[in-house]
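Residue-level structure breakdown
Chain by chain, the residues:
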Amino acid sequence: MSDQSAPKPFSWEYRPTVLAKEAFHIAGGRPLSGSVRVSGAKNAALKMMAASVLTGETLRLENVPEILDIEVLRDTLRDLGVAVERESDGTMDLTAGDVEWLFVPLEAAAKMRASFMLLGPLLARFGRVIISNPGGDRIGRRPVNLHVDAMRALGAEIDYRDGYYFAKSSGRLRGAEITFPHVTVMGTENAMLAAVLAKGTTRIQPAAREPEVDDLITLLNAMGAQVQRTAPDVIEIQGVDALHGATHHVMPDRIEAGTFATAAAVIGGSIEITEIEPAHLGGFLQVLERMGVEHSVTGNTLRVSGLPQGEGSYKAVDITTAPYPGLATDLQPSAGLILTRASGVSNIHETIFEDRLEWLVGLRNFGAQVEILDPRHARISGPTTFTAAEADIPDLRAGATLMLAALAAPGESRIHGAHHVRRGYATIEEKFRGLGAELTHVSEEEKSPA
Ligand code: UD1
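Every value quoted in this text rests on a predicted model; they were computed, and no experiment measured them. The numbers attached to residues start from 1 for each chain and follow its sequence in the written order. Under the rules for a predicted model, residues below a pLDDT of 70 receive no local features and side-chain atom pairs below 80 are neither given nor counted, while totals for whole chains, interfaces and linings still include all residues. As a rule here, side-chain values cover all heavy atoms of the structure and leave hydrogens and water aside.

Now for the overall build of the protein chain. Helix and strand definitions follow DSSP, with helices as H or I runs of at least four residues and strands as E runs of at least two, each counted in order from the N terminus. The secondary structure content of the protein chain amounts to 14 helices and 25 strands. Note that the radius of gyration is over C-alpha atoms, with the globule rule given as 2.2 Å times the number of residues to the power 0.38. In summary, the protein chain has a C-alpha radius of gyration of 22 Å against a globular reference of 22 Å for 450 residues, a match within 12%. Taking the principal axes of the C-alpha coordinates as reference, the protein chain spans close to 65 × 45 × 40 Å. Each residue is placed in one exposure class: buried if its accessible area under a 1.4 Å probe, protein chains only, is under 20% of its type's maximum, exposed if it is over 50%, and partly exposed if it falls in between. Looking at the protein chain residue by residue over its 450 residues, the buried ones come to 56%.

See the structure below:
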C-alpha cells in the first residue's frame, strides 16, 4: 500500500484495557523436566511495531510473542489508522498507509510506557504528533526527558501542556549529534526511529548496546535506512528520503530465557531451553557460573539442572546490574531469586532503576530472608527452603519471580495479579505445564485498568 491510498475513516475509540484480575493456583515442589521454546523478544517487537509507521508499505514481523503488551500497542496503532493483521503463527503485518490521527492519548500511554516509542517515527514521517507523557502529569521515576531532548536536537519544537507533548517540525528533521548523559535503551531507539528519515547525519553517543537495539537496526536497514554501529556505544545514521516495507524475524527473548533458567535452578530438575541466542545471555550465565548452577550451552539450546528444594545449596555471590553486556536489570529478580538458594549472605546492587527491589517484599511470604538496605541495595541470607504462601504480584518481572517461588515451594500457593505476568510472558502456564509443573489460573471477579 502506498501513502497515496484512500484515507480510512476516523477510527479512534477509547478501549480501556480492562484486564480481568486473575490468580495463579500453584501446587509446587515438583522438579521440572523437558524442553521449552523461547518466544520472540517483547522489547524488540514493540519497537519494530512502532517502526511500521515510518513507511506506507507493509512491514511483516515474524516471531511476535503472544503477550498483552503487544495487543496494547496493536490497538493503539489501529486507533491511529494503521492496518494490523496477526496470524496464529506469530506473523504480524502492519501497514501505515494513512495515519490520519497523529495523537497518542493518555489512555494508550498509561497502559504501556513503550507507546512513547511512537514519538520519533510519527514526527519523522508526518512532521507532527501529540503524545501523552506515559506518566500523565506525574513526572515519575521513569521520565522521558531524554527522548524529548533527542527530538529537540533533531530540530523538533516540543511544548509540554497538561500531560501532553505537542511536537512538530517545520520540514524534515535535521541530523544532529545526540549526546545522552547516560545510556537509555528506548531513548536511543526513539532517536534512531526519528533520525532515519532526517536530512543529514546523526550520531548517537552513548548509544545503548542492548541486542534489541541491534535487532531494530537490522530491521531499519532492511526497510532502506542507513544505520550503523560504528563503535560499541556509537550509532551513526545517514538520513534517507523514504523507507519501504520489509520482512523481519524478531530475535528471541533473552529475559524469558533467563526466567526459565532460573525456574530450573530454584525449582530443581533438568530442562532445556531452545531457540535462544547464548551470546545475549552472557551477564546472566556468569551469575549461574559463579553460583555453581549446573548449565551448558549447545548451539541455540541452554540446559540447566537445578537442586530440588532442601537438597543442597549454591554459592553466595554479590550481583550488580548494568547496561548490556552486564547483568540485565530485567533479570535482577531472577538472579536474586537464585541467591535465596545460596548458602550464606549475598548482595544485590541495582544500578539502573531505583524502584526495582520491591519484589523482594513478596518473597518474604515464601520464607526468604531479605533485607532491603536502601532503594538500590538488598541483602539475602540463605539457603531458604520455600514454604507455600499467598502473595500479590505488583508488576511483570516481580510477578514471574514470585510465581517461580510458589512453583518451588511444596504445597498449595496462591498468587494474586497473575494478569501482570501475561503482559510479558507468552503462554506461560502452558509452558510450565509442559515442564511438569502444576498450575491453573482463576478469575478474581473485579476488573481493573492495567
Ligand atoms: C528498557 C526496557 C526495560 C529495561 C530497561 C533497561 C523496553 C520496552 N524496556 O526500558 O525492560 O529494564 O530498558 O535495560 O525496552 N531515563 C531518564 N530519562 C529518560 C529515559 C530514561 O532519566 O528520558 C533513566 C531511567 O529512569 C533509568 C535509566 O535512564 O534510570 C535507564 O532507563 P532506559 O534504558 O531508558 O530504560 P527503558 O528504555 O525505559
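From this point, things continue past the structure.
Moving on, we come to the sheet that holds strand E2 (residues 32–37). Pairing between strands requires that DSSP locate at least two bridges from one strand to the other. In space, the 4 strands of this open sheet follow the order E2-E15-E17-E16, with mixed pairing throughout. Each end of this open sheet is capped by a strand with a single partner; those strands are E2 and strand E16 (294–298). Sheet twist, expressed as the average angle between the axes of neighbouring strands with direction ignored, equals 10°. Inspection of the sheet shows E16 paired to strand E17 (residues 301–306) by 5 bridges, in the antiparallel sense. Directly across from Thr298, in E17, lies its bridge partner Thr301. In this analysis, axes come from line fits to C-alpha atoms, helices being fitted only over the stretch in contact, and the angle between any two N-to-C directions falls in the range 0 to 180 degrees.

Let us now look at the packing of helix H9 (residues 282–291) against helix H10 (residues 332–339). Across the interface, H9 lies against H10 with an axial gap of 11 Å and an inter-helix angle of 5°. Considered as vectors, H9 and H10 are oriented roughly parallel to each other. Across from Phe284, Val287, Leu288 and Met291 in H9, the residues of H10 making contact are Ser334, Ala335, Ile338 and Leu339. Class assignment for the residues of the contact of H9 with H10 results in 7 nonpolar, 1 polar and no charged. Oblique is the label for any angle not covered by the other classes, which are roughly parallel (under 35 degrees), roughly antiparallel (over 145) and roughly perpendicular (65 to 115). Contacts are assigned to residue pairs that have any heavy atoms within 4.5 Å of one another. In the scheme used here, Gly and all other residues not listed as nonpolar or charged are polar, with Ala, Val, Leu, Ile, Met, Phe, Trp, Tyr, Cys and Pro taken as nonpolar and Asp, Glu, Lys and Arg as charged.

This part is about helix H1 (residues 42–51). With 9 of its 10 residues buried, H1 lies for the most part within the structure. Lys42, Ala44, Ala45, Leu46, Lys47, Met48, Met49, Ala50 and Ala51 are the residues of H1 that are buried.

As a further point, take the nonpolar core. Residues belong to one nonpolar core when they are buried, are Ala, Val, Leu, Ile, Met, Phe, Trp, Tyr or Cys, and are joined through side-chain atoms within 4.5 Å. Core analysis: the biggest nonpolar cluster contains 81 residues, and Leu54, Leu77, Leu118 and Leu220 have the highest contact counts within it. Here Leu77 is in contact with Met49, Ser52, Val53, Val82, Val84, Leu94 and Leu118, once residues within four sequence places are set aside.

Attention now moves to the domain arrangement of the protein chain. Note: domain ranges come from an automatic or database domain assignment. Taken domain by domain, the protein chain holds domain 1 (42–249) and domain 2 (254–443). A C-alpha centroid distance of 31 Å is found between domain 1 and domain 2. Taken together, the contact between domain 1 and domain 2 spans 13 residues of the former and 20 residues of the latter. Roughly 1,400 Å² of surface becomes buried between domain 1 and domain 2 when both sides are summed, with 53% attributable to carbon and sulfur atoms. Within this document, salt bridges are pairs made up of a side-chain nitrogen of Lys or Arg and a carboxyl oxygen of Asp or Glu, the two lying within 4 Å of each other. If you look at where domain 1 meets domain 2, you find 2 salt bridges. Where Arg254 meets Glu212, a salt bridge forms, and the shortest distance between an N and an O atom there is 2.7 Å. Contributing elements (two or more residues each) for the side of domain 1 that touches domain 2: H1, helix H2 (68–80) and helix H7 (211–222). Of the residues assigned to the side of domain 1 that touches domain 2, the class counts are 4 nonpolar, 1 polar and 8 charged. In this description, buried area is defined as the sum, over both parts, of the accessible area (probe of 1.4 Å) that is lost when the two are combined.

This part covers the site of the ligand. One heavy atom suffices: a residue is near a molecule or strand as soon as one of its heavy atoms comes within 4 Å of it. Lining the immediate surroundings of the ligand are 20 residues, of which Arg113, Asn145, Leu146, Thr184 and Asp330 lie closest. N or O atoms within 3.5 Å of each other form a polar contact, as long as, within protein, one can give a hydrogen and the other can take it, and as long as residues adjacent in sequence are counted only when both atoms are side-chain atoms. A distance of 3.1 Å separates an oxygen atom of the ligand from a polar side-chain atom of Asn43. One of the side-chain nitrogen or oxygen atoms of Arg113 is found 2.6 Å away from an oxygen atom of the ligand. The fraction of the free accessible surface of the ligand (750 Å²) that becomes covered by protein chains is 87%. It is helix H5 (residues 145–153) that provides the largest number of residues to the shell around the ligand, a total of 3 residues. Two domains each donate at least three residues to the shell around the ligand, and these are domain 1 (42–249) and domain 2 (254–443). All accessibility values rest on the Shrake-Rupley procedure with a 1.4 Å probe; residue burial counts only the protein chains present in the view.

This part takes up the sheet that holds strand E13 (residues 234–238). The mixed open sheet is built from 4 strands, whose spatial order is E10-E11-E13-E12. Both outer strands of the open sheet, strand E10 (177–179) and strand E12 (226–231), are each paired with one neighbouring strand and no more. The average angle at which neighbouring strand axes cross in this sheet is 20°, direction not considered. For E12 and E13, the ladder comprises 5 bridges, and the chain directions are antiparallel. In the sheet register, Ala231 faces E13, and the bridge partner there is Val234.

Here is the rule: rings of Phe, Tyr and Trp (six-membered ring for Trp) pair when centre to centre is within 6.5 Å. Planes less than 30 degrees apart are stacked, more than 60 are edge-to-face, and the remainder are tilted. The full count for this structure, using the stated rule, is 5 aromatic pairs. With a centroid separation of 6.0 Å and 80° between ring planes, the pair formed by Trp101 and Phe103 is classed as edge-to-face. Between Phe260 and Phe432, the ring centres sit 5.0 Å apart and the planes meet at 35°, which makes this aromatic pair tilted. Taken as a pair, Phe260 in helix H8 (residues 254–267) and Phe432 in helix H14 (residues 428–434) lie far apart in primary sequence, 172 residues in all. By the burial criterion, Phe260 is buried, and Phe432 matches it. Through successive ring pairs, a cluster of aromatic residues spans Trp101, Phe103 and Tyr164. A cation over an aromatic ring shows up here: Arg161 above the ring of Phe166, its NZ or CZ 4.1 Å from the ring centre. Placement of a positive charge over a ring is assigned whenever Lys NZ or Arg CZ falls within 6 Å of the ring centre and within 35 degrees of the normal to the ring plane.

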